2 protein chains.
Amino acid sequence: MASEIDKLLVTVIGRVSNDIRSLAEAPKGYDESDRTGYLEIFTEYGDGLEGIEAGQTIVVLFWLHESSRDILKVHPRGNKENPMRGVFSTRSPVRPNPIGVSELEVLNIEDTRLQVRGLDVLDNTPIIDIKMKI
Amino acid sequence: MASEIDKLLVTVIGRVSNDIRSLAEAPKGYDESDRTGYLEIFTEYGDGLEGIEAGQTIVVLFWLHESSRDILKVHPRGNKENPMRGVFSTRSPVRPNPIGVSELEVLNIEDTRLQVRGLDVLDNTPIIDIKMKI
C-alpha cells in the first residue's frame, strides 16, 4: 500500500510531576512500577475529569518526548542479549509516534491534580489523554 | 496550573480496511466486537512489524478522525439516560485528542497487512501505533 504524509496535531492536556529524573531509573513498564506521582491536568480540561474517583484504574496516554521516532527495530527492554524485533511487537518508547499507554491506580484527586500509582515515565512528560479502563 | 499551547505532530502509519461504514453500526468497544478486518500498514513501517504473530493480542492506537475534539462532557455510550460525565472518565471517541486504544487478536499476517478481530472503528480510520499487550 502506498505511503502518505498525513500528519495530525496532538494537544498536551497536562504534565507528569514525579521523582523519576532519568530513563535509567524509570521502570520498564507500569506493570513493574509502584512509583507514585501526579498527573497535573491543565485547568481548562478540568470538566473532562468529572467521574474519575480514587480507587479506579485509568488508562493514561503520554507523549514520550525524549524518545527517538526514526527507529523501527530494537533490542527488547534495551538488553542487547535480546534479538532485535520490530518496535510494534514491543512496548519500547522508541516508535514513529512516541505514545506511551499506562494503566494507573488513582490514589487521590484534588481539583485537576490526580495522585496515581504505577508511573513508568519521566517527570514533566506531556499527558495527551485519559480513559477509563475496560 | 497554567495552560500551554504545546502541540505535537502525529504521523499516520496505516489505515483500517473493514466493512464498518457508519458510527451507528460500529461496536461500542473492542470488548464488544467480533468484527474482523485489516490493518493496512504503510510499507515503509514494515520492519516495525517483525515479531508480531498470528494468535497474539496487540494494542492498536487509532486517530478517530470523525470525532469532535472540543467537547469535555458526554452521556456515556451516547445514551441520554446516562448522566453526563467527563470524557476522561469514559471511553467516548469524543476527547481533546481523539485517540482510540483497542486490543485486537491477530488472525493472519501477509506482508504489512494484518487481519485482526475485535475492530470497533470505521473503515479508513488512521492507525498511529501498535504495541504488544502486557
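The text that follows walks through the structure, step by step, so that each part is easy to find. (Residues numbered from 1 in each chain as written. Chains lettered and ligands numbered in written order. Predicted model: local features only at pLDDT ≥ 70, side-chain atom pairs only at ≥ 80, totals over all residues. Heavy atoms only, no water.)

On to the overall build of chain A. Summing up its helical and strand segments, chain A has zero helices and nine strands in all. Reading chain A from its N end, one meets helices and strands in the order β-β-β-β-β-β-β-β-β. Against the globule reference of 14 Å for 134 residues, chain A gives a C-alpha radius of gyration of 16 Å, in line with a compact fold. Considered along the principal axes of its C-alpha atoms, chain A spans approximately 45 × 35 × 30 Å. (Helix = DSSP H or I, 4+ residues; strand = E, 2+ residues; numbered from the N terminus. Rg over C-alpha atoms; globule rule 2.2 N^0.38 Å.)

In this section: the pattern of salt bridges. A full pass over the atoms with the stated rule returns 20 salt bridges over all chains. A salt bridge links Lys73 of chain B to Glu50 of chain A; the nearest nitrogen and oxygen atoms lie 2.9 Å apart. Of this pair, Lys73 of chain B sits in strand 5 (residues 73-74) while Glu50 of chain A sits in the loop between strand 3 (36-41) and strand 4 (57-63), placing the two residues on different chains. Accessibility expressed as a relative area gives 40% for Glu50 of chain A, which makes it partly exposed. Between Glu103 of chain B and Lys133 of chain B there is a salt bridge whose closest N-O contact spans 3.1 Å. Taken together, the residues Glu103 of chain B in strand 7 (residues 99-110) and Lys133 of chain B in the segment after strand 9 (126-132) connect sequence positions 30 residues apart. For Glu103 of chain B, a relative accessible area of 23% corresponds to the partly exposed category. (Salt bridge = Lys/Arg side-chain N within 4 Å of Asp/Glu carboxyl O. Buried < 20%, exposed > 50% of the residue type's maximum accessible area, 1.4 Å probe, protein only.)

This part takes up the packing of aromatic side chains. Evaluation of the coordinates by the stated rule reveals zero aromatic pairs over all chains. Above the ring of Tyr38 of chain A, the side-chain terminus of Arg113 of chain A is found at 3.7 Å from the ring centroid. (Phe/Tyr/Trp six-rings, centres within 6.5 Å; stacked < 30°, edge-to-face > 60°. Lys NZ or Arg CZ within 6 Å of the ring centre and 35° of its normal.)

Attention shifts here to the sheet that holds strand 9 (residues 126-132) of chain A. What the six strands build is a closed barrel, ordered 2-3-8-7-4-9 (chain A); its pairing is antiparallel. Between one strand axis and the next, the sheet turns through 45 degrees on average, direction left out of account. (Pairing = 2+ DSSP bridges. Axes fitted to C-alpha atoms, helices over the stretch in contact; angles between N-to-C directions.)

Attention now goes to the relation of the copies chain A and chain B. Placing chain A over chain B gives an RMSD of 0.0 Å and needs a rotation angle of 180 degrees, together with 0.0 Å of translation along the axis. In symmetry terms, the pair is related by a two-fold rotation axis. It is Leu9 of chain A whose C-alpha, among those of chain A, lies nearest the rotation axis, at 2.4 Å. Mapped onto chain B, 100% of the interface residues of chain A again fall at the interface, so both copies present the same surface. (Least-squares fit on C-alpha atoms with pLDDT ≥ 70 in both. Contact = heavy atoms within 4.5 Å.)

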